[in-house]
Amino acid sequence: MRLDRNGTALAAFGVGTVLAGGNAVGVRVSNRELDPLWGAGLRFALAACLLGAVMALMRLPLPPGRALVGVLLYGTLIFAGAFSFAYYALVRIHAGLGQTLLALVPLATLLLAVMQRQERLRLAAVIGTLFSIAGVGVISGVSGSESVPPLSLLAVLGAVLCFAQGTVLVRHFPPVHPVTTNAIGMAIGAAILVALSLVLKESIVLPERGATWLAVAYMVVLGSGPVFVLYLVVVRLWSASRAAYGFVLIPVVTVVLSAWIDDEPIGAGLVVGGLLVMSGVYFGALRPTAPS
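Rules used in this analysis
Residues numbered from 1 in each chain as written. Predicted model: local features only at pLDDT ≥ 70, side-chain atom pairs only at ≥ 80, totals over all residues. Heavy atoms only, no water. Helix = DSSP H or I, 4+ residues; strand = E, 2+ residues; numbered from the N terminus. Contact = heavy atoms within 4.5 Å. Areas by Shrake-Rupley, 256 points an atom, 1.4 Å probe, with all protein chains shown as cover. Patch = residues over 30% accessible without salt bridge, like charges linked within 9 Å, V, L, I, M, F, W, Y side chains within 5 Å. Salt bridge = Lys/Arg side-chain N within 4 Å of Asp/Glu carboxyl O. Buried < 20%, exposed > 50% of the residue type's maximum accessible area, 1.4 Å probe, protein only. Axes fitted to C-alpha atoms, helices over the stretch in contact; angles between N-to-C directions. Parallel < 35°, antiparallel > 145°, perpendicular 65-115°, else oblique. Left-handed = near helix turned anticlockwise from the far one by under 90°. Nonpolar A, V, L, I, M, F, W, Y, C, P; charged D, E, K, R; others polar. pLDDT = per-residue confidence, 0-100. Phe/Tyr/Trp six-rings, centres within 6.5 Å; stacked < 30°, edge-to-face > 60°. Core = buried A, V, L, I, M, F, W, Y, C linked by side-chain atoms within 4.5 Å. Expected span 1.5 Å × (residues − 1).

Asks: Account for the overall build of the protein, naming residues and giving values.
Replies: Broken down by element type, the protein carries 14 helices and zero strands. When the helices and strands of the protein are placed in sequence order, the string is α-α-α-α-α-α-α-α-α-α-α-α-α-α. For the protein, the share of sequence-separated contacts (at least 6 apart) that also reach a separation of at least 24 residues comes to 91%. Taken as a whole, the protein presents about 13300 Å² of accessible surface, with 72% of it coming from carbon and sulfur.

Asks: Outline a nonpolar patch on the surface, listing residues and values.
Replies: The grouping of Tyr88, Leu151, Leu153, Leu154 and Leu157 at the surface amounts to a nonpolar patch, some 450 Å² of accessible area in total. Here the nonpolar patch gets four residues from one element, more than from any other, and that element is helix α8 (residues 150-170). The exposure class assigned to Leu154 is exposed, which follows from its relative accessible area of 55%.

Asks: Account for the packing of helix α4 (residues 65-89) against helix α9 (residues 178-199), naming residues and giving values.
Replies: One can describe the packing of α4 onto α9 by two numbers: an axis separation of 7 Å at closest approach and a directional angle of 50°. When the interaxial angle is binned, α4 and α9 end up oblique. When you trace α4 past α9, the crossing you get is right-handed. When α4 is examined against α9, the residues Leu68, Val71, Leu72, Tyr74, Gly75, Thr76, Phe79, Ala80 and Ser84 are found in contact with a partner set consisting of Thr181, Asn182, Ile184, Gly185, Met186, Ile188, Gly189, Ile192 and Leu193. Of the residues belonging to the contact of α4 with α9, the class tally is 11 nonpolar, seven polar and no charged.

Asks: A description of the confidence of the model for the protein should follow, citing residues and the corresponding values.
Replies: Within the protein, residue pLDDT values average 82, and 79% of them lie at 70 or more. Within the protein, no element has a lower average pLDDT than helix α14 (residues 269-286), which sits at 63, and none a higher one than α9, at 96.

Asks: Could you give an account of the packing of aromatic side chains, naming the residues involved and the relevant values?
Replies: In the structure shown here, the tally under the stated rule is nine aromatic pairs. Clustering of aromatic rings is evident, with ring pairs tying together Phe44, Tyr74, Phe79, Phe83, Tyr87, Phe163 and Phe228.

Asks: Provide a residue-level description of the nonpolar core, including the pertinent values.
Replies: In this structure, Tyr74, Phe79, Phe83, Phe163, Met186 and Phe228 are the most contacted members of the largest nonpolar core, which totals 68 residues. Ranked by residue count, the leading element in this core is α8, at 10 residues. Apart from the residues lying within four places of it in its own chain, the contact partners of Phe79 are Phe44, Tyr74, Ser84, Asn182, Gly185, Met186, Gly189, Leu193 and Phe228.

Asks: Explain α9 to me, and be specific about the residues and the numbers.
Replies: Compared with an ideal rise of 1.5 Å per residue, which puts 22 residues at 32 Å, α9 spans 31 Å between its outermost C-alpha atoms and is within 8% of the ideal. Two residues or fewer past α9, Lys201 is found with a positive phi of approximately 60°.

In C-alpha cells, the structure reads:
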C-alpha cells in the first residue's frame, strides 16, 4: 500500500512539475498586454469554470463546515495572495529569476510546518533546499550585479510565504477532493483578484494579441486545474515540505522555455545547475528515509 501511495505521489509530482514549468513564461507574456491582477483574475476565473464543470460531471458535493473553511482559506492564500504577488513581480523581473526566488518555498514550508507542529525540522530538507536554490541560481544565470526592483523582490517573498502557508494549511483541515478544493479555491481567488484590480483601477480588457490568448489558454487548461489538482494529491500523500520541492524543479522547465520564447540567456551553467537541483530534490524530498 505504501508503495502504491508513493508511486502515485511521484507520478503526480513529476507531471505537475512539468506542466507548471510553462506558467512563469505564460505570466510574462500575459503581463505584456494585461494588467497583472486582472490577468491573474481572468486566468483563475476561467480555470474555476472549467473545474466547476468537472465537479458537475463527477457529481462532487460541496464540502461542509470546517472543510469548506479550509478550502476558502486555501484559495485566499494560494490564488489571491501568492499569485497577486507573483504576477506583480513578473512585470519587472524575468521568469527565470522569479522562479529562482520561488525556490525558497520548500524551506519556508518546512519552517512554517515545524512552527505549527506539523513536521519536525529535518537537516536533509534544509540542505536539499540550499543545494536546489544554488542550482536554480546557476541555471538562471543570476549574478550579484543584476538589478532587482525592491518592490518586486518583496512581492516574490510575499508569494513564497503565501504558497508555503497555503500548503501547510491544507493538512490542518479535513480532506476535500482536489477538484473541489481547486474549483472553489480558484473561484474565491479570482473574485479577490478582480476586486483588487478594480480598486487599483487596472484596465479590465480582454486580450487582443494571439500570443496573449495562447498564454492564457495554456495557463487555464494545463497550468491551473491539472497542476493544482496534482499538487494537492502530492500534499495529501507526502508531507507539505516534500510536496513543495516541485518549486525547485519547475525552473528547469521554465528557463528552457524562457530561452526559447523570451530570448533569455541560459549559459553553460544549465548542466551544473540542473545537477545541483536534482541532487537537492533527491536529498531533501525523494531520498528514502529510515522509519522512525
